[in-house]
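# Overview (structure and organization)
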Amino acid sequence: NLNDMPRAKMYFESAMPLFRDENDRSGIARVLNNLGNMEFAEKNFEKARQLYEESLTYEELDSFGAAITSINLGSLARLRGDWEQSRKYYLYTREVCERLGSETGISSATLWLATLDLALRNLKEARKGFESGFNAIWIRTNPLVRGIAEGFFAYVDLLMGNEKDVRQRLRQSLEASA
């Protein structure tokens, strides 16, 4: 619970010795990643980065934990304006999810890459990434998420000067979200 961060931190920190005693590398990685998430929420970005990087040292390279932690590191790099490092983390996440056969992970990483391209105003690449990422079945079958997707398309279309497409996309976004 983000409203009781000190208590949550205490629980995670008290769990760490248990995982260390059992040499449970995955458990240690999860605790470190969650502590990193709490530091991120409190805007302690450097501490979050350190915890995420330490978490990766305990993860198997081809695991969902490594993919999630890499997304977190990519987001921190993006906040720092380190676009290249952010892209590397997002690409790594997508590669891991491809090896694991996770459509959800692949599409999520693709969407993170698309938002990065959008921030950099690589509009054609952003649109292509959104089209690919939003084509995942878990998105196409969820009306609310599909509505959010249409909103992203509308924003890209607006930046590209496609006013006609913007109105249609916004209408679809609002209808799907209603």
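Procedures and definitions
- Residues numbered from 1 in each chain as written.
- Predicted model: local features only at pLDDT ≥ 70, side-chain atom pairs only at ≥ 80, totals over all residues.
- Heavy atoms only, no water.
- Salt bridge = Lys/Arg side-chain N within 4 Å of Asp/Glu carboxyl O.
- Helix = DSSP H or I, 4+ residues; strand = E, 2+ residues; numbered from the N terminus.
- Expected span 1.5 Å × (residues − 1).
- Buried < 20%, exposed > 50% of the residue type's maximum accessible area, 1.4 Å probe, protein only.
- Contact = heavy atoms within 4.5 Å.
- Polar contact = N/O pair within 3.5 Å; in protein donor to acceptor, adjacent residues only side chain to side chain.
- Axes fitted to C-alpha atoms, helices over the stretch in contact; angles between N-to-C directions.
- Parallel < 35°, antiparallel > 145°, perpendicular 65-115°, else oblique.
- Left-handed = near helix turned anticlockwise from the far one by under 90°.
- Nonpolar A, V, L, I, M, F, W, Y, C, P; charged D, E, K, R; others polar.
- Phe/Tyr/Trp six-rings, centres within 6.5 Å; stacked < 30°, edge-to-face > 60°.
- Lys NZ or Arg CZ within 6 Å of the ring centre and 35° of its normal.

Taken as a whole, this structure holds 16 salt bridges when the rule is applied. One salt bridge connects lysine 9 with glutamate 39, and the closest N-O pair in it is separated by 3.1 Å. You can see lysine 9 sitting in helix α1 (residues 5–21) and its partner glutamate 39 sitting in helix α2 (residues 25–41), a full 30 residues away along the chain. A salt bridge links arginine 87 to aspartate 117, with the shortest nitrogen-to-oxygen separation between them at 2.7 Å. Here the residue arginine 87 occupies a position in helix α5 (residues 83–100), and aspartate 117 occupies one in helix α6 (residues 103–119), the gap between them amounting to 30 residues. A network of salt bridges, in which partner residues are shared, links Arg127, Glu131, Arg146, Glu150, Asp157 and Arg169.

With 17 residues, α2 should cover 24 Å at 1.5 Å per step; its first-to-last C-alpha distance of 24 Å lies within 8% of that length. Within α2, burial applies to Gly27, Ile28, Ala29, Val31, Leu32, Asn33, Leu35, Gly36, Met38 and Glu39. The elements touched by buried residues of α2 are α1, α3 (45–58) and α4 (64–80). By the N-cap criterion, in which a side-chain oxygen at the helix start approaches the backbone nitrogen of a residue two or three places on, α2 is capped by aspartate 24, the distance to serine 26 being 3.3 Å.

Considering the arrangement of structural elements, one finds arginine 80 in helix α4. C-alpha of arginine 80 to C-alpha of arginine 121: the two residues are 41 residues apart in sequence and 17 Å apart in space. Once residues lying within four places of it in the same chain are set aside, the contact partners of arginine 80 are Arg49 and Gln85.

This next bit is on the packing of helix α9 (residues 143–160) against helix α10 (residues 163–177). Where α9 contacts α10, the axes come no closer than 7 Å and their chain directions differ by 165°. By the angle between their axes, α9 is roughly antiparallel relative to α10. Of the two possible hands of crossing, α9 and α10 adopt the one that is left-handed. Here α9 contributes Pro143, Leu144, Arg146, Gly147, Ile148, Glu150, Gly151, Phe153, Ala154, Asp157 and Leu158 to the contact with α10, which in turn contributes Asp165, Val166, Arg169, Leu170, Gln172, Ser173, Ala176 and Ser177. Taken together, the residues of the contact of α9 with α10 break down into 9 nonpolar, 5 polar and 5 charged.

Along the chain, threonine 115 turns up in helix α6. In terms of polar contacts, threonine 115 uses its side chain to reach the backbone carbonyl oxygen of tryptophan 112, at 2.8 Å. Those residues within four positions of threonine 115 in sequence are excluded, and the remaining contacts are Arg78, Phe130 and Phe152.

Our next topic: α3. Relative to the 20 Å expected for 14 residues at 1.5 Å per residue, α3 spans 20 Å between its end C-alpha atoms, a close match to the ideal helical length. Those residues of α3 not exposed but buried are Ala48, Arg49, Leu51, Tyr52, Ser55 and Tyr58. Next to the buried residues of α3 lie α1, α2 and α4.

Here the structure, examined in full by the defined rule, presents 6 aromatic pairs. Between tyrosine 90 and tryptophan 112, the aromatic rings sit 5.6 Å apart at their centres with planes inclined by 35°, giving tilted as the arrangement. Linking tyrosine 90 in helix α5 with tryptophan 112 in helix α6, this pair joins segments that are 22 residues apart in sequence. Using a relative accessible area of 33% as the deciding quantity, one classes tryptophan 112 as partly exposed. Between the aromatic rings of phenylalanine 134 and phenylalanine 153, the centroid separation amounts to 5.8 Å while the plane-to-plane angle is 70°, which identifies the pairing as edge-to-face. Here phenylalanine 134 is found in the loop between α7 (123–133) and α8 (137–140), whereas its partner phenylalanine 153 is found in helix α9, with 19 residues between them in sequence. Using a relative accessible area of 5% as the deciding quantity, one classes phenylalanine 134 as buried. What makes phenylalanine 153 buried here is its relative accessible area of 3%. Three or more aromatic residues link up through ring pairs in this structure, and these residues are Phe130, Phe134, Phe152 and Phe153. Stacked on the ring of phenylalanine 153, the Lys or Arg arginine 169 has its end atom at 4.4 Å from the ring centre.

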